[in-house]
Amino acid sequence: MTTGVDLGVPATQAISSDEDVVRVRQLVRTTAVAVKLSLVDQTKLVTAASELARNTLIYGGGGSAEVATVEDGRRRGVRIVFADQGPGIPDLDQAFTDGFTTGGGLGLGLSGARRLVDDFDIWTAVGEGTRITITKWSR
Amino acid sequence: MTTGVDLGVPATQAISSDEDVVRVRQLVRTTAVAVKLSLVDQTKLVTAASELARNTLIYGGGGSAEVATVEDGRRRGVRIVFADQGPGIPDLDQAFTDGFTTGGGLGLGLSGARRLVDDFDIWTAVGEGTRITITKWSR
Amino acid sequence: MERVPILKIGDILLVSIQVDMSDQTAIQLQEDLAERIVATGCHGVIIDITALDIVDSFVGRMLSTIASISKVLDAETVVVGMRPAVAITLVELGLSLNGIRTALNVERGMELIAASRIDEWDEADLDENAETTATS
Amino acid sequence: MERVPILKIGDILLVSIQVDMSDQTAIQLQEDLAERIVATGCHGVIIDITALDIVDSFVGRMLSTIASISKVLDAETVVVGMRPAVAITLVELGLSLNGIRTALNVERGMELIAASRIDEWDEADLDENAETTATS
Ligand SMILES: Nc1ncnc2c1ncn2[C@@H]1O[C@H](COP(=O)(O)OP(=O)(O)O)[C@@H](O)[C@H]1O
Ligand SMILES: Nc1ncnc2c1ncn2[C@@H]1O[C@H](COP(=O)(O)OP(=O)(O)O)[C@@H](O)[C@H]1O
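As the structure is a prediction and not an experimental result, all values here were calculated from the model. (Residues numbered from 1 in each chain as written. Chains lettered and ligands numbered in written order. Predicted model: local features only at pLDDT ≥ 70, side-chain atom pairs only at ≥ 80, totals over all residues. Heavy atoms only, no water.)

## Thoughts on the overall build of chain A
Then, in step 1: For chain A, the count of helices and strands is four helices and five strands.
Then, in step 2: If you list the helices and strands of chain A from N to C, you get β-α-α-β-β-α-α-β-β.
Then, in step 3: Taken against the 2.2 N^0.38 rule, which gives 14 Å for 139 residues, the C-alpha radius of gyration of chain A at 14 Å falls within 12% of a compact globule.
Then, in step 4: Over its C-alpha atoms, taken along the principal directions, chain A stretches across nearly 40 × 25 × 25 Å.
Then, in step 5: Per-residue burial over chain A gives 53% buried out of 139 residues.
Then, in step 6: Contacts in chain A between residues at least 24 apart in sequence constitute 65% of all its contacts with a sequence separation of at least 6. (Helix = DSSP H or I, 4+ residues; strand = E, 2+ residues; numbered from the N terminus. Rg over C-alpha atoms; globule rule 2.2 N^0.38 Å. Buried < 20%, exposed > 50% of the residue type's maximum accessible area, 1.4 Å probe, protein only. Contact = heavy atoms within 4.5 Å.)

## What about the interface of chain D and chain B?
Then, in step 1: Listed as interface residues are 20 residues of chain D and, on the opposing side, 23 residues of chain B.
Then, in step 2: Summed over both partners, the interface of chain D with chain B comes to about 2,000 Å²; 55% of that surface belongs to carbon and sulfur atoms.
Then, in step 3: Of all residues in chain D, D:Ile54, D:Glu92 and D:Leu93 give up the largest surface area on contact with chain B, accounting jointly for 29% of the area buried on that side.
Then, in step 4: The interface formed by chain D and chain B holds six salt bridges in total. (Buried area = accessible area lost by both parts, 1.4 Å probe. Salt bridge = Lys/Arg side-chain N within 4 Å of Asp/Glu carboxyl O.)

## Comments concerning the site of ligand 1
Residues and elements named next belong to chain A.
Then, in step 1: Asn-55, Tyr-59, Thr-101, Thr-102 and Gly-107 are the nearest of the 18 residues found near ligand 1.
Then, in step 2: Thr-102 is positioned such that a nitrogen or oxygen atom in its side chain is 2.6 Å from an oxygen atom of ligand 1.
Then, in step 3: The contact in question runs from an oxygen atom of ligand 1 to an N or O atom on the backbone of Gly-107, over 2.7 Å. (Near = heavy atom within 4 Å. Polar contact = N/O pair within 3.5 Å; in protein donor to acceptor, adjacent residues only side chain to side chain.)

## Concerning the pattern of salt bridges
For side chains of opposite charge, pairing can occur when their charged atoms come near one another.
Then, in step 1: This structure, assessed with the given rule, holds 29 salt bridges over all chains.
Then, in step 2: Here B:Lys44 ties to D:Glu92 by a salt bridge, and the two come within 3.1 Å at their closest N and O atoms. Residue B:Lys44 is found in helix 2 (residues 39-58), and its partner D:Glu92 is found in helix 3 (residues 84-93); the two belong to separate chains. This pair shows no difference in class: B:Lys44 is buried, exactly as D:Glu92 is.
Then, in step 3: Several salt bridges converge on common partners, so that one network encompasses A:Arg25, A:Glu51, A:Arg54, C:Asp20, C:Asp23 and C:Asp56.

## A word on the sheet that holds strand 3 (residues 44-48) of chain D
Residues and elements named next belong to chain D.
Then, in step 1: The mixed open sheet is built from five strands, whose spatial order is 1-2-3-4-5. The open sheet has two free edges, formed respectively by strand 1 (6-9) and strand 5 (101-103), since each of these has just one partner strand. Strand-to-strand twist across the sheet, computed as the mean angle between neighbouring axes with direction ignored, equals 30 degrees.
Then, in step 2: Pairing geometry for strand 1 and strand 2 (residues 12-16), over four bridges, is antiparallel. Paired with Leu-7 across the strands is Leu-14, a residue of strand 2. (Pairing = 2+ DSSP bridges. Axes fitted to C-alpha atoms, helices over the stretch in contact; angles between N-to-C directions.)

## Points about empty space enclosed by the protein
Then, in step 1: Scanning the model with the defined rule gives one cavity of 30 Å³ or more in all.
Then, in step 2: Empty space within the largest cavity amounts to approximately 30 Å³. (1 Å grid on protein atoms, 1.4 Å probe; cavity = no way out; pocket = protein on both sides within 12 Å on 5 of 7 lines; lining within 4 Å. Points joined across faces, edges and corners; volume = space filled by probe spheres on them.)

## Some details on the confidence of the model for chain C
Low pLDDT marks regions whose predicted coordinates should not be analysed in detail.
Then, in step 1: Taken over all residues, the pLDDT of chain C has a mean of 87, while the share at 70 or more is 86%.
Then, in step 2: Confidence drops under a pLDDT of 50 for residues 123-136 of chain C, and excluding neighbours within four residues, the segment shows 16 contacts in the predicted structure. (pLDDT = per-residue confidence, 0-100.)

## A closer look at the pairing of strand 5 (residues 129-137) of chain B
Residues and elements named next belong to chain B.
Then, in step 1: Taken across its nine residues, strand 5 has eight buried, putting it largely inside the fold.
Then, in step 2: Alignment of strand 3 (residues 76-84) against strand 5, held across eight bridges, turns out to be antiparallel. Counted as the bridge partner of Ile-80 is Ile-134 from strand 5.
Then, in step 3: Examined bridge by bridge, strand 4 (residues 119-125) and strand 5 share seven bridges and lie antiparallel to one another. Bridge pairing in strand 5 links Ala-125 to Gly-129.
Then, in step 4: The hairpin formed by strand 4 and strand 5 contains three residues between the paired strands, and Gly-127 there has a positive phi angle of roughly 85 degrees.

## Quick notes on the confidence of the model for chain A
Then, in step 1: Predicted confidence across chain A gives a mean pLDDT of 93, with 94% of residues reaching 70 or more.
Then, in step 2: Per-element confidence in chain A is highest for strand 5 (residues 129-137) of chain A, whose mean pLDDT is 98, and lowest for strand 1 (residues 5-15) of chain A, whose mean pLDDT is 81.

## Considering the site of ligand 2
All names here are of chain B.
Then, in step 1: Around ligand 2, the structure places 18 residues, and the nearest of them are Asn-55, Tyr-59, Thr-101, Thr-102 and Gly-107.
Then, in step 2: Thr-102 is positioned such that a nitrogen or oxygen atom in its side chain is 2.5 Å from an oxygen atom of ligand 2.
Then, in step 3: Taken by itself ligand 2 offers 540 Å² of open surface, and the protein chains cover 93% of this.
Then, in step 4: Using a 2 Å cut-off from the grid points, one finds that ligand 2 occupies the second largest pocket.
Then, in step 5: Across the shell around ligand 2, the residue classes tally to seven nonpolar, 10 polar and one charged. (Areas by Shrake-Rupley, 256 points an atom, 1.4 Å probe, with all protein chains shown as cover. Sits in = over half its atoms within 2 Å of the grid points. Nonpolar A, V, L, I, M, F, W, Y, C, P; charged D, E, K, R; others polar.)

## Remarks on the side chain of D:Ser116
Residue and element names in this part refer to chain D.
Then, in step 1: You can see Ser-116 is positioned in helix 4 (residues 106-135).
Then, in step 2: A distance of 3.1 Å separates a polar side-chain atom of Ser-116 from the backbone oxygen of Ile-113.
Then, in step 3: What Ser-116 contacts, discounting residues up to four positions off in sequence, is Glu-76 and Arg-101.

## Points about the sheet that holds strand 3 (residues 44-48) of chain C
Residues and elements named next belong to chain C.
Then, in step 1: Taken in spatial order, the five strands line up as 1-2-3-4-5 in an open sheet, and their pairing is mixed. Single-partner strands in this sheet number two, and they are strand 1 (6-9) and strand 5 (101-103). With direction set aside, neighbouring strand axes in the sheet form an average angle of 30 degrees.
Then, in step 2: In this sheet, strand 5 lies alongside strand 4 (residues 76-80) in parallel orientation, the contact comprising three bridges. Among the inter-strand pairings, Val-79 is bridged to a residue of strand 5, identified as Thr-102.

## Topic: the packing of helix 2 of chain B against helix 4 (residues 109-116) of chain B
Residues and elements named next belong to chain B.
Then, in step 1: At their nearest, the axes of helix 2 and helix 4 sit 9 Å apart, and the two run at 150 degrees to each other. With respect to helix 4, the element helix 2 is oriented roughly antiparallel. Relative to helix 4, helix 2 is oriented so that their crossing is left-handed. For the pair formed by helix 2 and helix 4, the contact residues are Lys-44, Thr-47, Ala-48, Glu-51, Leu-52 and Asn-55 on the first element and Gly-109, Leu-110, Ala-113 and Leu-116 on the second.
Then, in step 2: A class-by-class count of the residues in the contact of helix 2 with helix 4 yields five nonpolar, three polar and two charged. (Parallel < 35°, antiparallel > 145°, perpendicular 65-115°, else oblique. Left-handed = near helix turned anticlockwise from the far one by under 90°.)

Here is the structure:
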């Protein structure tokens, strides 16, 4: 479930190469530090972002990550939207199974990323693309 | 996902014996060297081709391998199509599980070959046959 | 693409990862290491990840792969310097880092490698001592 | 069908694979080796794969099978000369070569076999002593 309002202007990073995945990690790290997430929460969020950015590149054929600071009255947090216009995911249950991969991965990206964040939303349509929104809140 | 255009005339090797599997390896090696794949990438591609050529022979009851040079604007690569008119594969998920075999193999051929290449496409229909297309791109 | 340097210290190859590696850099490191193990005949590899602030499934797999490659080339791999936050995240991600030996720091890693090589080569000596004790 | 030659050097059988083997050639090699181990009473087998530019799951399985057969026939197998690119590919393919000992080259392989034979004989002595202690 996605709640909370955006603060300030979100930063967008295009994802069309290996190096862009590195840039997404760095952008997310900087934002997480600014919002004062704990060290462990920063680490979890950056790791989740790294998994999803790689999927956007490899399976989505490229796309973007939009990183924003949000707040819901009590807490602040970081929200990231990964979007691509790739093939979409035909069977979500399967895709979220630990170990399932159609590539050569470990099949932990989607399921692992979901475990690492507080909110996780996915929209996908075959032939249209995939859009994943994650949020991590300060404690 | 299969992208990129063919360059030149593909070479076809029939697969109807043990020795033909050796010939497929040699044809793929020569093509990979011509396209200037790195030594490690050559090794990965030839190994994947060896696995799939053996499957074409043993499970597909024989068939062929078509080896072509491709390019997608940025890079060159080698594409191989393995085709047979054998029994087909009834359950693909099962066939791609590490360790699954209906023969006496190690059950690593399909899953391992997929890990070793950049693109991997499979078409199969029970009673009609199997067609696997793999591509390895230069870096 | 950046390239991670590999140092040779005695019979050990030391890799200290100092940058946020792209996937290509990680793949290149695997290849470079395999070549150096064969070229030097080293029996130990230490990968120092003190500077890494995350290990995702790609890098985690790279560490496992390096350990397996080393093993088939008759070398032992130890990963050292993993941060607590990284260890916590790895577990939650679902990565088990199977087959990877870890140690606190480079020194401890070297001790671990030395000990396991002695095991392998000096089992004979050990047995001899045991024999002496038993018969006396 | 081509046939891979087997050389006897002292107490060791040396197999140097020089060709891209067909599956039949690989199966034949297994059989030939088993026969030679029994015929010669050799206690060590070294398989030199320096010339192999790939090891797929079939050849990988053959190496494991040879190691197991040798063991049953009281001989030790060491695979030597694996190229770095082959090691990387093997691991990515998913082959772990469990139970196979590896060494850099033929010399190192011979040392390994010599060392493990010493081990084994000392263990035998140990067992005898243990027995003596038990009965006295
Ligand atoms: N953005 C995406 N577009 C299309 N398919 C995707 C996308 N992200 C994930 N998938 C599919 O979901 C599967 C599981 O993904 P994941 O759990 O991250 O594992 P891995 O990345 O190791 O394959 C992928 O193999 C792929 O088939
Ligand atoms: N070309 C093919 N035609 C029909 N079945 C196939 C084909 N290739 C693979 N299979 C099936 O998929 C299974 C798994 O194949 P693979 O992963 O290569 O393992 P292995 O070759 O060790 O059996 C095979 O045991 C077989 O049942």
